[in-house]
Amino acid sequence: MSTPVIGVLALQGDVREHLIALAAADAVARPVRRPEELAEVDGLVVPGGESTTISKLAALFGLMEPLRERIAGGMPVYGTCAGLIMLADKILDPRSGQETFGGIDMIVRRNAFGRQNESFEAGVTVAGIDTPVEGVFIRAPWVESVGAQVEVLAEHDGHIVAVRQGRVLATSFHPELTGDHRIHELFVDMVRAER
Amino acid sequence: MSTTPSTTFQSPETGTARVKRGMAEQLKGGVIMDVVNAEQAKIAEDAGAVAVMALERVPADIRKDGGVARMSDPNMIEEIIGAVSIPVMAKSRIGHFVEAQVLQSLGVDYIDESEVLTPADEINHSDKWAFTTPFVCGATNLGEALRRIAEGAAMIRSKGEAGTGNVVEAVRHLRQIKNEIAKLRGFDNNELFAAAKELRAPYELVKEVAELGKLPVVLFSAGGVATPADAALMRQLGAEGVFVGSGIFKSGDPAKRAAAIVKATTFYDDPKVIADASRNLGEAMVGINCDTLPESERYANRGW
């Protein structure tokens, strides 16, 4: 079986860390900034960053529709933090004009855990992973509510912080900032299963 | 595969180095804009800024007005925090750890211990490990960057020469840092001890940089960026993102210029995008030639 090619949406954010984590999880990883680059990947990571910036740049550079089409067509996608926001069908408190790619039937609350002074690290028990993963939460969002098709993978302090709906995976926290690549391995397996 | 024991995670921990440095990782590829009020902050956010720097006067005006430049009014910082959802940074004077305490209590997301303000201490910078709020500091060379990281800085930026609209000093600082890192890469272990002495930086940090081939924290450019091409230049020289101070709100059409600089920062290696972003932006800020600046007015010399 050939190695899956996974893109990291490289408009803004911690792209480099995801590229490294994906490579460590045995995928070929490459940055994606253009529709033609998107067409060449088997799966995509939407990194952490500023969701307002990523949303604006995606619209400006013609990625919004192609990405929605790929997600609707079954391409596996994984979003962390801002990426989780971008994969939500609905944002509770969007900036005016802030659009998402969608893909998960959920409502998210941005910066729900607070500002930077409230950013924290904690162990998170994720369904399907045997021991807790290192959760790095930075001005992190949480998932306010989910639809019937959405599987809740993890909670912290009573709030949903990891979800999956079909081929779309999202976490409030940043596994890419740790040396623990188990969630990236899970995602690479999802991509492999689709090929 | 790592299997960290769950006992490590008794209770959530705030203010860790990973959380502070990780915050800066989220800003990469983005533009951080100086703003002096809520209205400008909204313009910056709408243009795609990843964060704003709240300050009373942009550096160009600090230069013009002279006098002692200090931390901004808490009211003004809170207004800006209330106006936008992106992170808000604010400046303290070098060594003025009480201004930094105040900024932390206001809930700013990052503190810039900045040479643009008048230094409060001629010998010491603030102990940045003592804070939950992360710090960004300016540097003109690798040794200075590593001294700031040793003091707890979670992000480094070039100093440039703020408020001039002239990118020459930021280019000098970034090239200097990059060249010194490249030099370290070529050193063997014996040479790293002497290198640390020469850089006046802790050996452990010097060794880490030699191994990583980069700083252990995010490196941005600051000082003098006025055009989309300036921003792209800094990124091609190795900056992971760009601060823009006076360059936006001292120009003819701030909203348009801000959006153009954001585009050029993301597509820094695509001259066509930069060309499109550069069209019809109106007047850029006028700018000052750095070699006509008297020594006493050079901000980059502040801090050590």
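Definitions and limits used
- Residues numbered from 1 in each chain as written.
- Chains lettered and ligands numbered in written order.
- Predicted model: local features only at pLDDT ≥ 70, side-chain atom pairs only at ≥ 80, totals over all residues.
- Heavy atoms only, no water.
- Buried < 20%, exposed > 50% of the residue type's maximum accessible area, 1.4 Å probe, protein only.
- Helix = DSSP H or I, 4+ residues; strand = E, 2+ residues; numbered from the N terminus.
- Pairing = 2+ DSSP bridges.
- Right-handed = clockwise from strand over helix to strand, strands pointing away.
- UniProt positions renumbered as here; feature names shortened; annotations may be inferred.
- Contact = heavy atoms within 4.5 Å.
- Polar contact = N/O pair within 3.5 Å; in protein donor to acceptor, adjacent residues only side chain to side chain.
- Core = buried A, V, L, I, M, F, W, Y, C linked by side-chain atoms within 4.5 Å.

## Re the pairing of strand E2 (residues 31-35) of chain B
Residue and element names in this part refer to chain B. Judged by how many residues are buried, E2 sits mostly within the fold: five of five residues are covered. Here three bridges tie E2 to strand E9 (residues 242-244), and the two strands are oriented parallel to one another. Note that in E9 the partner of Val31 across the bridge is Val242. In this sheet, strand E3 (residues 51-54) lies alongside E2 in parallel orientation, the contact comprising four bridges. Residue pairing across strands places Asp34 opposite Met53, the latter belonging to E3. Crossover connection from E2 via helix H2 (residues 38-47) to parallel E3: handedness right-handed.

## With respect to the UniProt feature "active site" (unreviewed entry) in chain B
All names here are of chain B. The positions that UniProt labels "active site" (unreviewed entry) are, in the present scheme, Lys91. On the secondary structure map, Lys91 appears in strand E4 (residues 88-93). For Lys91, a relative accessible area of 8% translates into the label buried. For Lys91, the residues in contact, after removing those within four places along its chain, are Met53, Ala54, Leu55, Met71, Leu103, Asp112, Ser114 and Leu117. In terms of polar contacts, Lys91 uses its side chain to reach the side chain of Asp112, at 2.9 Å.

## Structural notes on the nonpolar core
Residue and element names in this part refer to chain B. By size, the foremost hydrophobic cluster in this structure holds 103 residues, and its most contacted members are Ile156 and Leu215. When residues in this core are grouped by element, the largest group, six residues, is from helix H7 (residues 168-185). Leaving out residues up to four positions away in the same chain, Ile156 has contacts with Val136, Cys137, Ala139, Ala145, Arg148, Ile149, Leu215, Val217, Val218, Leu219 and Phe220.

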